[in-house]
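Here are the chains, one letter per residue:
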Amino acid sequence: MFAVGIVAAAGSGLRLGADRPKALVPLAARPLVAWAVATLVDGGVDEVVVAVPAAEHDQFAAVLPDGVRLVEGGATRTASVRAALGAVPDGAGAVLVHDAARPLTPPAVVARVLDALAAGALAVVPVLPVVDTTVVVDGQGTVTAAPDRGTLRRVQTPQGFDRATLVAAYAALDDTAELTDDAAVVRAHGVPVTTVAGDERAAKVTVAHDLALAELQVSR
Ligand code: C5P
């Protein structure tokens, strides 16, 4: 099955406090986006499309391998993935959508997602258990519910999809909709989403502390 990877890399990274888009921030001297592309390729995808901020197109092109396709991202993650999806060839059987902000995702996670798709899943996400008690609060911060954590999972990327299913789900989604991941897009379209084991190393880099932890991991 021909698989195309999409890397969502068009975010600004305001919460990281960096002087450049988060995906260009270096981890062990290599930009986060380059780590994410390498993970997808090493895990088995055949081609990669990266959604980048329009203003920094050339800086992204300079740090990515030849053959990686760049498209202009949008104002939201949903818009960026929609734009990248438009550049995926019709012949692709699978699409894996990955965050540039998860640089240390092991290629084995990619391989597990691809295996689940090859086995017939239409949508698959890597997940981890929730180890903390997790609660729901109201607008005042008062706890209103405490779901059984045994049924909760933390969702990571790359998330894998049958290409035609993902294209149809995005086509049915309102242009202004803003969802936090792609599994939510296909679920809104009535598609069942299956899970495979994620990996703690696929943690998302959001704030400076996350980047410091990632640096420690690669320096070991
Ligand atoms: O902001 P957050 O870390 O949740 O973003 C997740 C991923 O989505 C990041 O890799 C970011 O670059 C990407 N993104 C995007 N386009 C946007 C906003 C975020 O590609 N407009």
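The model shown is predicted, which means the values in this text are computed figures rather than measured ones.

Quick look at the overall build of the chain
From N to C terminus, the chain includes seven helices and 12 strands. Relative to the 2.2 N^0.38 estimate, which gives 17 Å for 220 residues, the radius of gyration of the chain is 17 Å and therefore close to what a compact globule would have. Seen through its C-alpha atoms, the chain measures out along the principal axes to roughly 50 × 40 × 35 Å. Taken across its 220 residues, the chain has 47% of its residues classed as buried. Taking all contacts inside the chain whose residues are at least 6 apart in sequence as the whole, residues at least 24 apart take part in 71%. Surface accessibility of the chain: about 10600 Å² in total, with carbon and sulfur atoms responsible for 54%. Averaged over its 17 positive side-chain charges, the chain has a centre that lies 6 Å from the centre of its 24 negative ones.

With respect to the pattern of salt bridges
Side chains that differ in sign of charge can pair as their charged atoms come close. Following the criterion strictly, the structure yields nine salt bridges and no others. In this structure, aspartate 99 engages arginine 102 in a salt bridge whose closest nitrogen and oxygen atoms are separated by 3.4 Å. On the accessibility criterion, arginine 102 (10% relative accessible area) is buried. Linked through salt bridges whose partners overlap, the residues forming this network are Arg77, Asp99, Arg102 and Asp182.

Notes on the site of the ligand
Lining the immediate environment of the ligand, one finds 15 residues, of which Ala8, Arg15, Lys22, Ser80 and Lys204 sit closest. Between a nitrogen atom of the ligand and a main-chain N or O atom of alanine 75, the distance comes to 3.3 Å. Here the ligand, which alone exposes 470 Å², has 84% of that area covered by the protein. Split into classes, the residues belonging to the shell around the ligand amount to six nonpolar, four polar and five charged.

How each quantity is defined
- Residues numbered from 1 in each chain as written.
- Predicted model: local features only at pLDDT ≥ 70, side-chain atom pairs only at ≥ 80, totals over all residues.
- Heavy atoms only, no water.
- Helix = DSSP H or I, 4+ residues; strand = E, 2+ residues; numbered from the N terminus.
- Rg over C-alpha atoms; globule rule 2.2 N^0.38 Å.
- Buried < 20%, exposed > 50% of the residue type's maximum accessible area, 1.4 Å probe, protein only.
- Contact = heavy atoms within 4.5 Å.
- Areas by Shrake-Rupley, 256 points an atom, 1.4 Å probe, with all protein chains shown as cover.
- Lys, Arg positive; Asp, Glu negative; His and termini not counted.
- Charge placed at Lys NZ, Arg CZ, Asp CG, Glu CD.
- Salt bridge = Lys/Arg side-chain N within 4 Å of Asp/Glu carboxyl O.
- Near = heavy atom within 4 Å.
- Polar contact = N/O pair within 3.5 Å; in protein donor to acceptor, adjacent residues only side chain to side chain.
- Nonpolar A, V, L, I, M, F, W, Y, C, P; charged D, E, K, R; others polar.

Honestly, that's just the spatial picture; any functional story needs more than this.
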